[in-house]
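Breakdown of the fold
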Amino acid sequence: MIAVILAAWEWSRLRPLSNTIPKPMIKIFGKPILEHNIENIYTKMEEIIIVTKYKEEIIKEYFKDNYKNTPIKYITQNDEKWTAAAIRWITLENKTDILVLNWDSIFDKSDLEKIISLNGFWSLVKKVDDPSKYWIFKQDENGFATEIIEKPEEFVWDLANLWVYKFDSSIIDI
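**Focus on the overall build of the protein**
- The helix and strand tally for the protein stands at five helices and eleven strands.
- Among the 174 residues that make up the protein, the fraction classed as buried is 43%.
- Put simply, the protein shows about 10200 Å² of open surface, and 51% of that area lies on carbon and sulfur atoms.

**Topic: the packing of helix α1 (residues 33-41) against helix α4 (residues 109-117)**
- Relative orientation of the contacting elements α1 and α4 amounts to 50°, with a least axis distance of 9 Å. Between α1 and α4, the crossing angle belongs to the class labelled oblique. As α1 packs across α4, the resulting crossing turns out to be right-handed. Facing α1, whose interface residues are Asn 37, Asn 40 and Ile 41, α4 presents Lys 109, Leu 112 and Ile 116.
- Within the contact of α1 with α4, the residues separate by chemical class into three nonpolar, two polar and one charged.

**Overview of the nonpolar core**
- Core analysis: the largest hydrophobic core is formed by 27 residues, its most contacted members being Leu 34, Ile 38, Ile 41, Ile 48, Ile 50, Phe 63 and Leu 99.
- In this structure, Ile 48 is in contact with Ala 3, Ile 5, Ile 38, Tyr 42, Thr 70, Pro 71, Ile 72 and Lys 73, ignoring residues within four places of it in sequence.
- Residues Val 4, Ile 75, Val 100 and Phe 137 belong to the second largest nonpolar core, which totals twelve residues.

**Points about the environment of Lys 68**
- Inspection of the secondary structure assignment puts Lys 68 in the loop between β5 (66-67) and β6 (70-76).
- Between the C-alpha atom of Lys 68 and that of Glu 39, which follows or precedes it by 29 residues, the distance is 9.1 Å.
- The residues contacting Lys 68, other than those within four sequence positions of it, are Glu 39 and Tyr 42.

**What about the side chain of Thr 70?**
- By secondary structure assignment, the location of Thr 70 is in strand β6.
- Not counting residues up to four positions away in its chain, the partners in contact with Thr 70 are Tyr 42, Met 45, Glu 46, Glu 47, Ile 48 and Asp 65.

**Details of the environment of Ile 38**
- Checked against the element boundaries, Ile 38 lands in helix α1.
- Along the primary structure Ile 38 and Ile 106 are separated by 68 residues, whereas in three dimensions their C-alpha atoms are 9.8 Å apart.
- For Ile 38, the residues in contact, after removing those within four places along its chain, are Ile 5, Ile 48, Ile 50, Phe 63 and Tyr 67.

**What to know about the pairing of strand β11 (residues 159-167)**
- In terms of residue burial, β11 counts as a mostly covered element, since seven of its nine residues are buried.
- Note that strand β7 (residues 98-102) and β11 share four bridges and pair antiparallel. Following the sheet pairing, Val 100 is matched in β11 by Tyr 165.
- Bridging between strand β8 (residues 122-127) and β11 involves five bridges; their strand directions are antiparallel. When the sheet's bridge partners are listed, Val 125 is paired in β11 with Asn 161.

What counts, and at which threshold
Residues numbered from 1 in each chain as written. Predicted model: local features only at pLDDT ≥ 70, side-chain atom pairs only at ≥ 80, totals over all residues. Heavy atoms only, no water. Helix = DSSP H or I, 4+ residues; strand = E, 2+ residues; numbered from the N terminus. Buried < 20%, exposed > 50% of the residue type's maximum accessible area, 1.4 Å probe, protein only. Areas by Shrake-Rupley, 256 points an atom, 1.4 Å probe, with all protein chains shown as cover. Axes fitted to C-alpha atoms, helices over the stretch in contact; angles between N-to-C directions. Parallel < 35°, antiparallel > 145°, perpendicular 65-115°, else oblique. Left-handed = near helix turned anticlockwise from the far one by under 90°. Contact = heavy atoms within 4.5 Å. Nonpolar A, V, L, I, M, F, W, Y, C, P; charged D, E, K, R; others polar. Core = buried A, V, L, I, M, F, W, Y, C linked by side-chain atoms within 4.5 Å. Pairing = 2+ DSSP bridges.

Next comes the structure, spelled out in structure tokens:
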């Protein structure tokens, strides 16, 4: 399995902290946010790919080419935004599962281990009281996700997207 961590964009919500370092490198409890998640997955990964752009040299200098002997590669994202654009440039040397996660939340190790252990396509979600504040998965009558709706004005469901996905290698072809 490989992990793809999306850490490319500047965004502005953490300024002035992010004026000099990329947000994934802001420290919480003594280490960068990005490292918390890498620490929770590296033992399960053949490789970690970090998609970078804004102040990417800081991320590359910190992690270099491995994390505790798990190889790290970097892809510089172009000007396209969002998850699909970020993973479009991933190439796989063999058929393997892919874990995709955003850098900007610290995910519980047990949640990450659970999604890693599952077969097929999966996403971490959280039941929320006010779906209008989140990206919400709309479901069909069998409980399968049919679309993701950004901050729906009307109730469609109450499962918020946590931006962690598990795919098999066919996602690259799709």
